[in-house]
Every structure is written in C-alpha cells, then in structure tokens.
Amino acid sequence: MPPKQKDPKAKQVYKAATQLKDVIPPTVKNPPRDPKPIKIPDQPNKVLQQEYQPLPDPEEWPGDEVVRDINLQGGDPPVGKFVYETDNHVVFWRRPRLFLRKKYPIESDVEPPYMTEDGLFRDNDDQYSTRIESKEKIAYMQNEIDQSLTICESYERQETHEEFEIRKKEFSDRQAAQAAQKKKGTKKGPEEVFDENYINVKDVRLSDVVCTEEMPPNARWIASQLQMIKDRDIRDCNNSKPLSAKIYPQKDGAPIYNPSGKYIIKLYFMGKERKIQITDHMPVNFQGKPLLPYSVQETQLWPMLISKAVLQLWDYQSKDSLVGDGFVMYALMGLLTETIDLKGNSWNIVEQMMGEYYNSVYLSVYGYNDSSVNNTNNKAKRDYQNEVLRNQKKLYDNYEHNRTKIDVHEEEQFQQQEVKMVQEEPKPSILPSLDQFKRRRSITTEPTDLSKTNLHTCFSYSVLELFQNDNGFNMYFAQKRTDRELRMRQEYIELCKTPMTKMTKEEKLEYRRKRKELKEKMSEDEMKRRSQQSQQPVKHKFLKLKSDVQGSDPVSIFCPFAADEIYIAKKCIVNKLNRPPNYELPEIRGDDKSVISQNVKDESFSLKPLEDFSAVANAQEPIQRGEGGFWIHEKEFLQIFDSIQISYDPRRLNTQAVQVPINPDSDFATYDNLEMLIVQRDQEQDENHQVQFLFGFQAKYSSNIDLNRQIKPFAMLQRYDLETFESIKDYKILNQSVSSQMVLLDNKNHVFRLNIYSPLNFTLWLSSSNKIQTLSIAEYLIDLEGYQTKSFTVDYPACESGKYFVFFRFKIQINSNKDTGSFVYKVKSTNDNSLLRYLKLKIIEIPPVGNPLMLQTIEGVHKNLFESESIINGTQRFNLKSGVQHYFILEGIPPYNVAEGSFEMDFLTNSDVQIQQIEQVEPMRYSDKYTPTKYGIIFRERIFANDSISSFFVRLAEGVVQQQNTAVKGKQTKGGAADVEIVESEMKGERLIRLELLKGEEIVIYNYGINQALLSNVQVQKDGEYILQALFDLREWPEAQKHFEETESIFWFLTVYGSDTVAIIKDTTKEDKEKAIKKSWEDKEPGRAANAKKSRAKYLISLKPELTEEEQAILNAPRLTKKQREEEAKQATQKKAPKKEDKKGKQTKVEVQEEKPQQRVYPRSDNHVNEIIHEFLGHLEQDRIMDHYAKHAGLINIRNDVQKREIIEGILMAKEQIAGIIARNLKMREEIKFVQRDQKEVLMNEYATQRQLYKQDMQEIIQQRDQLRSEISVLVKKEQQIFDLCKQEKVGNPDDLEKLIQDPAVDQTLVQAARQQIQNWKVLSIQDKMVNALSIFDIDTLQQCMDQIRDLYIEGIDTSAAEDMLDEAASNPNFVQEKQAELKKQGKKPGKK
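Residues numbered from 1 in each chain as written. Predicted model: local features only at pLDDT ≥ 70, side-chain atom pairs only at ≥ 80, totals over all residues. Heavy atoms only, no water.

I would appreciate a short explanation of the overall build of the protein chain in the present structure.
The helix and strand tally for the protein chain stands at 30 helices and 47 strands. Burial analysis of the protein chain (1393 residues in total) assigns 42% to the buried set. Pairs at least 24 residues apart make up 79% of the contacts formed inside the protein chain by residues separated by at least 6 positions. (Helix = DSSP H or I, 4+ residues; strand = E, 2+ residues; numbered from the N terminus. Buried < 20%, exposed > 50% of the residue type's maximum accessible area, 1.4 Å probe, protein only. Contact = heavy atoms within 4.5 Å.)

So this is what it looks like as structure tokens:
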C-alpha cells in the first residue's frame, strides 16, 4: 500500500509501493482488507533501567599534601560500620581504648559480663564493661590507654645508599628549580647546602599480626596478607613506600595515633588511588576480643586500621569471600596476583617461579578445607615396621622416633641448665639450649598435640625457598647423628682420655669391657648407616614456608630432614660435593648429631661439625632467602594446600593500564578498541628469547548480589582464528575481583583476542617486556589482513514500544567463482546504542530457482529457506555460499518507544562480495475481531505479493471498538468494515497460537508463540497461491471454540513488513462453497432450509428440562413423511395456480398433467470441504454407480423373497467364516502354548546346566583362594621370621636365614635386609672367633680370621691385637708355649680351642 502523505522535511525512509490492482489477480472477487499505517509514538518514553546497578566509587586520592592538611582532630567519631559477616559471634563495634583497657575484679556477681552501667545492653553504646564501674575510673583507664596507643613502632636509623642517592637527586632538582627562578628575576632565597654524609632518618618497624581461628575467613585472609607484607618487606610497586605510609595522619613520615579516632587510608581500586576514611570502631565479640587481625603489641593499631579499610573498600566491590582473591594485595601494594590450583601439575610452575623469576614475584600457598589441620605422616606401629623394611626412602625412621619427640632426660637436663644460667653467669656449654633444640625443628614452643599441624585455613603462607636433590646427591650424607649416638661417642671419647695407670685390675677389666661395648654399638650403628648410604639416592623436593603470625600454637609440620641438614645438603650441591668434606670425622662438640670415622685411632679424635666447609677452597654459600620458616615435603605440600598464589609487580615490565567506563546506554561496558591484542616481536632479541606477558583484570560488581553470583565478570585471552571466528586456544578465565595471568611467549608476533564480559566498568593491566598494541577487529583486518570496507547508513523511523519492527534488509551474494566466502560486519546506532540489546540479526539463505541444493533446515522451515539468528555483540563473521542469495536482516521488539534515527553498517570483506540494501515499503497493520469456530481459526487470509521479502507479525490483545470522529455513520470501507479504532490492552491469559504460511496445500513455514507469533522474512513470490492462517492450540485451550466473555473481547492485529506491496484478502472460499451447496439443495428441494430450521429448533427445545405449552406443542407436532410433504407442497401449488376464463367469461377446468419424476442432481464433490461429504459425493460420481428410479413419485423399491433369501444366506456364510476363524485361532493358541512349554523346559535345562558349571567354577576359585591364602600365610610367617631374625640383637645362624630367603616370593627389600644381616652375623662370628683365638693363643684360627677380614673387605673391627700377636708368633716360634706357661704361672688355665 502506498504510504500516506507526510511532512516533506522528514526523512524519506520507505520507497513507493506497487499499486494493489497490479498485485491482485483479476479472478479474485473479494476486496482486500483496508490497511492502516503503524502507529508512530508522539515522543520516546525511554527510561534507562539497567539491570546492573553499580555501587558508588570511593573518592579518588586528592594527593598526599592535601590529605596531610585535612584536620582529623576534634569531635567524637561516628560509628563507622560495614557489612561484617560472622557465624560464630554477635558483633559489637567498640573503640580500642574500651576493649584494650585492663579488667579489674568483678564487683558484682549478678551482672552479666556484657551489660552496661545502667544494667541494659545497647549495640551503639560505647560504655560497656565487665562490671559496674565509676565514670571516674573508666575515664582514668581510657586516658591511660590513650597515652599508650600507637599505630606502629618508629625508630631512627642511618639512611641506605639508595635513599642517599634519592636525596641527592631531589637536592639537584631543587637547585635547578632555584636557578630557573633566578633567571626570571625572582628574589633569591637562602642557599641550601647538601650534606654529603649519611644522615639519620626515621623509619617504621611493623610488628607481627595475631590471627585466630575464631576470626571470619576474610579476616584470616587479610591477616595472612599483612603478615606476608611484613615478612617479605613488600613495598608499594608504584612509589616503593612501606605499608605504614598509607595511614594518615602522619608526622615526619610515620603514622601517629589520633585520639579522635578518625583516620584516612590510601588504597588502590580500579587502577586509581582511593581515599578511604574510617574510624577506630572495631568489631569485637561480647568478651571484647577483636574479630579483625591485631598486633602482638596490643597498643599498635596498624593491622586493625588497614583491615577495616580493606573490608570497607570490599563493600564497594562484592559481598563474596576474599579468600584466594588478589583484591587485598592489589589494594595495599598494587600487586597483581595469579591463583593456580595445586590439583594439577603445578610443581613445574613452582620450580620456575622459585628459580629465575624469584626476585620479581612473591609466592604463597593456602588451603580452604580443614584437611590441613592433621599431620599425614603419623603411622601406626605396624605401618611403621613395614615402612622401615619395604619403603626405599625410609624417610620416617629417625624422624618419627628421634626428631618429633623430645627425650625426657634431655628436657630435664636442658631445664636444669637454663635454671643454672639464670642463677649464675652464662658459661659456654657443649649441649644446646632447649629453645635452640626446638628451633632447629621449626618449633618455637613445644606443641600440645603432634597430630595437629596448627595451620590456619583460609590463610596464606609465603614460599621462601625450594630445595631438591635432583643431581643425585644422597641425603643420608647430610643426616646427622642422633642424640643416642652422640652420647655414646662422647662417653667413648671420655673413656679414651681416661688414663689406666692408676686403675685396679677389676677397674681395668670394667674399663675395657665398657669401651668394647660402646665400640661395638658404634660400629653397628655405622654399619646400618653405610648400608643406607650404599642404596640408590632418593629424589626429594622440599619447600620452605613462613608466616610469623601469632595467636595459635606453632606450626608443627613433620619433615624427614631438619633445617640444618637441608642446609648441609644445599651447600654440598652448590660446591658440587657428594658428601660433606669432614663427613669421616666425628664432631668436636657433643651437638645434637655427629659422625665418626673408623680409620682414626681412638686416642686421636679431631671433631668437626658437618657445617664446617673450611677444608674446601673457595667454598660457596647456598642462597638463603629469608630467616625462619619451616620445611615441608612435596607429598605433604600437595595434600595440605589447595592453591598457590603468585603476586607480580606490573611495574617491572612495560605496563599499560586501560580503564573502560560503563556505557550509559547499555548494561555492558564497551571495549571496541580492545578486541585484539598484539605482543610485538623484539627485533634486538632472537626467537628463543622468552617474553613475559602479564594480563590483569579487575571488574566493578553490581549492587545486586544475586546477579554477581549468577555470572561473574570475567576476562580471558584467546588464540583466535579470524577466518572462522573460532577460538583455537582459551587461556585461563580471570573471574576474581582482582586476578591476573602470566603468559610466557616466544619472541614472535603473538595475536590474541580479548574475551571480556563485564556489565559495569573494568580495568585491564597489560604488561610485557615487549611492545603491546591494542586495536579493534576491524582495524586489525583492514590494516594487517587487507580487508576492504563497505559502509552503509540506514535510517529508521520512530517505532512503538512492544511492537515488532524490521529496521533494514541487505542482499548479499558472492560474485567470484569461489565456493565459499565470508564477511565481517559491525553495526552501531548513531543515537541509541541501547536499542541493539533488544534486536537480532538474521541471515537467510535462498538458492537459485531449479537448484537442487539442499540447505540446512530446521523444523517448520522449507528446504529452500534457512535462517540463523545472532545477538549483536561486537564484531561478527558470517560465511557465504556460492550461488546462494543471502539476506541480512535486523529486526526485533524494542521495550520502549524509539525515536527516529539511523544505523551505521560496516561490512569487511576479502573477496568479491556484492552487498545491496533492499528498500522497504511502509509497513501496514490489519486488525479484526476474533470469531470462535470449532477449528480454533483466528484468521485465514489470502496473500498476494509482487516478489517481496516479507515478515508477518500477529499479536492478540483485548480491545474495545470506538468509532472515529471523522467517520460517517453507516459508511463502509473498501474491505467492508466500518472506520473504527480499537483500543488495545494486554490479554489476561497466555494462549499458544500457531501461525502458518501455506502455498496451495503445502506448508511453507510455521511458528508458535504466546499471544503473538512471527514469520520472519519469507520470500513471497509473484502469482503464488498463498494462505496465511493463525490458529489457537485447542489441546492447550479448548474453550477457544466457544463464545464467552474472554473470547468476545479478543482482537487480532497483523503487521506486514515487506520489500514491496503485500495484499491481504479474507479467505472466504469455504464459506462460498457452503453457500453454493445450500443454494443447490434449496433449489432442488424448496423449503429444505425452513424444515432444517424447524428441526434445529425442535432439537434445542428437547434439551430443555422444563417446557412451555407452545414448546410442548411444537415438540408433539407429528412428523410428516416425505410423501406427505410432497402432497402438501402439490396442494399448495394448485391453490396458488390461477383459473383460466374462456371468451364468454366462464371458467374452464384446468387439466392436470401427470408429472414425470425428474432425475436427482447431486452437487459436485469439489464444492465441499467436509471430508465425509467429499468422499461420499466422489463415490457417487464413479461410473459403477447405477441409479434406479421408480415409475411413480414416492414408489419404494421393496426387496423380493429371493433377495431376502440371498441376504440371509450371506449372513449365515459370514457367521460360518467367523466361527472357522475363531476355531483356527483357538487351535493356534493351543499350539503356541505347547511350543512355549517346550521352550521353557529347554531354557530351564540350560539354566540348570549353566548353574552347575558356575558352581563348579566357584568351587575351583574357592580352592584356589584357600590355597593362595595358605601360601600367603606361609609367606607372611616366613617374612615375619626374617623380620624377627633381622631385629634380634644376638648373633644367629646364617644358614637358617639363608634358607628362608631362598623363596623367590619373599619381598626383595626384605631379602636385601636379610642378606645384610647375614653379612653382619658373619662379621660378628669372625669377631667372636678372633676374640676366642686371642684368649687361647690359637695362631692358626687367628690367621684364618685375618684372611677372611682381608678377603671380605670388612671394616670396623679392631685387628690391632690380632696383628700384634701374629707378628710376635712369626718372630718367636715358641710364642704359644711361652704364653701358656705365663698363664699357668698366674694360676689360670689356658682355654681350649
């Protein structure tokens, strides 16, 4: 329909349409419906209702000088509260001078400890105490506390060289500024002299933090971050200032206590420094214990102030947990953190970060669950026995018995020594103090329960060092002697130094026996140690963790090696030694452990500790990264902790901070120029040079907590293929409040796409050692990929809220010979970007006519019509097919009245693609009232068009008809309807409707919807028989067939958007055919309609429960037969016939001619739509139908006796056939039963056979199991015998042990231990033979023993006496006789051999 006349100054949006007469075929008699143009709203009613409402940003930092001038004195501070969640305590907000004042004895036993002076509890009342106190006493105590409160400890120190250089540079800058002012003629000030000496400066010393498990997880996490900053001396990455410099007010660069309780904290948020103003009201429980981290020096307030400021800033960001988030470290120091799950293969990352990147990162670990509170190395006695003999590592042998337990005797000795040291002057002692003994095991005080690790959950521990003996170093060479071995060796040394000249005979014998016993025990221990050292070195990995936080029992982590032993191993590895240089020498002092050599004479001990590397020339010291801490094994580390956190300093690289603000017209932040990221190659470096790229992200959260938890803002790097617009590789998702990722790259050009979802504003940090370039996808394709741009500006008119609208259509086709192609598009509105949120883009594929190409199809879509939808989100790509027409369409339903505007379309292509904008005609709207039918049809319209791409949108609403003022009463429009206006309102219920487009009898496309439905962008061809039909789903709403209140108020509204004129004509084909049929019936049988009407009225009367007299008379009226009705009609015709008069005026008698029966004319089957009537009439139209007519009207064709007999015989034959069928079925049923019975027996026999076989198999398996059990039992007994023989102290028979280990099933580790024991027994046997030979002077046996010692390379046996006797026997042939004679003189009998 051509558009109506409009303002000539308005934009020409639509083209002129084809006239209706050129569209509608001349055979169509019905007039088209009268269309109306769509309603144009008077003015836009856009109300920006963003789903994501941001919290207000904190105030930006005005500058250090401005903050120093702010007056924070005077007046009582307001109770500064924030959302502080805790499940275990009721939170009270109190000032430090209240909950830190000393408690006196309770004066009243009746008053509860949390009541106030007046006996009532008030949440906002600061005057609470543990008893009724006088105001004077309270004021005195508060004044006393105020005088002792500080922020942190300040002291004077000499400036460092770096500080001296900074001071020198500032002085030179001031001199240059004064010189510049002097040239301008400014008055010269006093000349400043630079002090060349190192001056004293004021500095701040932070105390340790107290953290307890009673604190909430967020408080514990903040405590861990504060303690790590203090332990690692982390400075602000932007200005290198300490943490204390963030607290105001300050004096001489150090924070000071403010009696008024007002403070200002400087923190980082969204890439900027922020001013956070707080008070010193802190959350405490009813006992007055702080619920925030506090200092070990209770009068220092710095941990509580900073913790409160961080939590107050966290209220601007989120309400979730802080644990594991990098928010705290960034807010305090500006560092970006990366969190890595330890469940994966993350040990390589630990090695890398603790290696070459250690000086540029801060590493920490933490755990969420309570599984970290228990030690995992505590074993039962039986497990320990198996561990000793079976585990090759044997890590826990000395550890469990000698390292984790303090000997009672030693502890008493240490305590006595400490008492003497207090009473007397300190003297040098050989034994270490108890504190030194515990400190070597990372235990400051003795733990109450060794089964607990005392680790905090939701707490971060710094990682200081990494140690691993991956170069093959045997850790047993670094393991020191136990206290038992030290005592034995110290006692042996004292015995060796004791002179024997003044001893009696019995004392000498006792002296020699005791010395011999000690020597044997030491030799036995040395043999065990050497056997362990001879095994293959075991690779160990250890991490050194630290956190000096206080408030709970010290950390008690079991480690197989002590800290000094790991130090010895590190020093050996650094100096490339396989053992300590003085490993063969015993200790000088009686330390906790020592080593002694068997090659040194007993009288010439030279003791040196294993830490002494003085014998090594130019010995190097291992790297010591921090003091204190505790070592933990890799196995324990992975079991206890959940995640590792790496803090990066972005300022070490070329940092580019990008802040993206929120879009006021959208719920999403726009980052068009940040879609692509290129890390460029450094031309001065080779390709193998490693490039660091740090990607950080912080997003602003919504005030709605539920929205934040549904989908958190995130950012992700992607390796992206712009040919297919698909991700090749996705990096880690950054979805914490502040998170980052370090990516290590080769020295090449690397292209990434930034996939960011953030409803509100966000900040990005892009840091790399190479240059970084950011650009949009369009810029990347044009500048680097050689794409061409085709731009269009499409105007659109104002449109109404809640109504479907088509904004533009483009026709796209490939002109080249390529099979496929693609284009990249980007669309934006010039005046309303929020409109794009509610619109969708569609691509429709239409192959050429006659092309059998089968496109992708969906349900309800014709095979030659395929559409795909996409949400408008940045830049997108669509693939094209050769020989196929593509239509690119923007449509949608805006939720508000949209003002007229325009869209800017940019198409980027790298091939020959033809893009043509399709102009549209003015959309038209049709409406009518719904009339209920038994089929639920809302409307059925015929469609005629001139090759148009059209969209049909139908909507149901409740309406009220109002006559327009300009309408003439009784005047009808062209479509037959009065010129009326329908006032719309929303429907009360939700009704499912189906909208169909048919071409002939075939459905082209259909769609469903609730109260509305859409057929989008359908190609309506010229000269096509199209039907557009809308129906209710009667299964969902069967009441649509009836007339009642709801159906009486329903109106339908159809809006048509097309590229050319579309005519809508009501389809009355069915009604016309029904009227033709009824007319033919009436012509054939006059009065048929009246009789049918009477029958209908009579039927309706019969349904009534109570009848009137008239209705009863109508119901009782006799029914006339057909013959009677014909006679009445004949009589009525004769009465109406006029009488003929002759010429004389006399009437003559009219001759009645006999009427001949006429052949009955039936209607055609094509004129009926009812299936039953259609089939019946079609049956009548067939040739085999013979019509028999009676000779006289009303004569009935009565069957004769022959016909009746034939009918009866046919019925009897049919009964016999049915009886035969039933008999055959019964017989077949019996046969089936017999077959089923036989099959059942066969199946039961097979089942019994299988069951018997299964029983036999199970019996064999049970026999094998019992046999295996007996063999295992014998093997266990045999291994237990071997174990007992290996444990026994006295020498056994080696042959017995040799027989036991002959069994190949015995564990090989146990076999090795047994063979070692056999070797030890043989050595002891040789030693016993030697002793016996020495006592009886058996030279031959003695010589055999010496030969065996020499052949077997046995060490550790004292052979000096044997060698002396053999030398004397060799020089004196009568040596044996002389020695036996000497024994006789002494009264002793020589022993027997």
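Explain the packing of helix α27 (residues 1308–1336) against helix α28 (residues 1339–1352) here, please?
A pair of packed helices is captured by two measures, namely the crossing angle of their axes and the spacing between those axes. With their axes 9 Å apart at the nearest point, α27 and α28 run at an angle of 150° to one another. Classified by the angle their axes make, α27 and α28 are roughly antiparallel. Handedness of the crossing formed by α27 with α28: left-handed. For the pair formed by α27 and α28, the contact residues are Ile1326, Lys1329, Met1330, Ala1333 and Leu1334 on the first element and Thr1341, Leu1342, Cys1345, Met1346, Gln1348, Ile1349 and Leu1352 on the second. (Axes fitted to C-alpha atoms, helices over the stretch in contact; angles between N-to-C directions. Parallel < 35°, antiparallel > 145°, perpendicular 65-115°, else oblique. Left-handed = near helix turned anticlockwise from the far one by under 90°.)

I would appreciate a short explanation of the packing of helix α5 (residues 217–232) against helix α6 (residues 302–314) in the present structure.
In the contact formed by α5 and α6, the axes pass within 10 Å of each other and the chain directions differ by 125°. Taken together, the axes of α5 and α6 lie oblique to each other. α5 and α6 meet at a crossing whose hand is right-handed. Facing α5, whose interface residues are Asn218, Ile222 and Leu226, α6 presents Trp302, Pro303, Ile306, Ser307, Val310, Leu311 and Trp314. Split into classes, the residues belonging to the contact of α5 with α6 amount to eight nonpolar, two polar and no charged. (Nonpolar A, V, L, I, M, F, W, Y, C, P; charged D, E, K, R; others polar.)

So what exactly am I meant to see when it comes to the sheet that holds strand β47 (residues 1062–1066) here?
Backbone hydrogen bonds are what pair the strands of a sheet, in a parallel or an antiparallel way. The strand order across the open sheet built from five strands is β43-β42-β45-β39-β47, with neighbouring strands paired in antiparallel fashion. Each of the sheet's edge strands pairs with one partner strand only, and the pair in question is β43 (1002–1010) and β47. Pairs of neighbouring strands in the sheet enclose a mean axial angle of 25°, with direction left out of account. (Pairing = 2+ DSSP bridges.)

Honestly, the pattern of salt bridges in this entry has me stumped. Any pointers?
Should the charged atoms of two oppositely charged side chains come close, the side chains can pair. A full pass over the atoms with the stated rule returns 44 salt bridges. One salt bridge connects Glu65 with Arg68, and the closest N-O pair in it is separated by 3.1 Å. Note that Glu65 and Arg68 are positioned in helix α1 (residues 64–68) at a spacing of three residues, about one turn of the helix. By relative accessible area, Arg68 is classed as partly exposed at 41%. Here Arg220 and Glu213 are joined by a salt bridge, their closest N and O atoms 3.8 Å apart. For Arg220, a relative accessible area of 6% gives the class buried. Among the ionic contacts, a cluster of salt bridges with common partners joins Glu510, Arg513, Glu517 and Lys521. (Salt bridge = Lys/Arg side-chain N within 4 Å of Asp/Glu carboxyl O.)

Got a minute to help me understand the sheet that holds strand β18 (residues 630–633) in this structure?
Strand order in this open sheet of six strands is β14-β19-β15-β16-β17-β18, and the pairing throughout is antiparallel. Looking along the sheet, the strands with just one partner apiece sit at the ends: β14 (336–341) and β18. Ignoring strand direction, the axes of neighbouring strands in this sheet form an average angle of 35°. Alignment of strand β17 (residues 541–546) against β18, held across four bridges, turns out to be antiparallel. Each bridged residue has a counterpart across the sheet, and for Lys544 the counterpart in β18 is Trp631. Relative to strand β16 (residues 459–468), α5 is tilted by about 45°, and along the sheet it contacts β15 (361–367), β16, β17 and β19 (643–648). Contacts from helix α15 (residues 563–574) reach β16, β17 and β18 within the one sheet, and its direction differs from that of β16 by about 45°.

Sorry if this is basic, but what is going on with the packing of aromatic side chains here?
Centre distance and the angle of the planes are the two values used to describe a pair of aromatic rings. The full count for this structure, using the stated rule, is 41 aromatic pairs. Aromatic pair Tyr731 and Phe752: ring centres 5.8 Å apart, planes at 65°, arrangement edge-to-face. Of this pair, Tyr731 sits in the loop between β24 (726–730) and β25 (738–745) while Phe752 sits in strand β26 (residues 750–757), placing them 21 residues apart in sequence. We classify Tyr731 as buried; its relative accessible area is 12%. Between Arg753 and the ring centre of Tyr720, over which it is positioned, the NZ or CZ distance is 4.7 Å. Its end group placed over the ring of Tyr1006, Arg994 keeps NZ or CZ at 4.1 Å from the ring centre. (Phe/Tyr/Trp six-rings, centres within 6.5 Å; stacked < 30°, edge-to-face > 60°. Lys NZ or Arg CZ within 6 Å of the ring centre and 35° of its normal.)

So what exactly am I meant to see when it comes to unusual backbone geometry here?
With the exception of glycine, most residues fall at negative phi, and the peptide bonds are largely trans. Cis peptide bonds are those with omega within 30 degrees of zero, and the linkage from Tyr248 to Pro249 qualifies with 10°. Mapped onto the elements of the fold, Pro249 is located in the loop between β7 (247–248) and β8 (250–251). At Asp233, a position not held by glycine, the phi torsion is positive, near 50°. Within the secondary structure, Asp233 sits in the loop between α5 and β7.

Interpretation in functional terms is not warranted from these geometric data alone.
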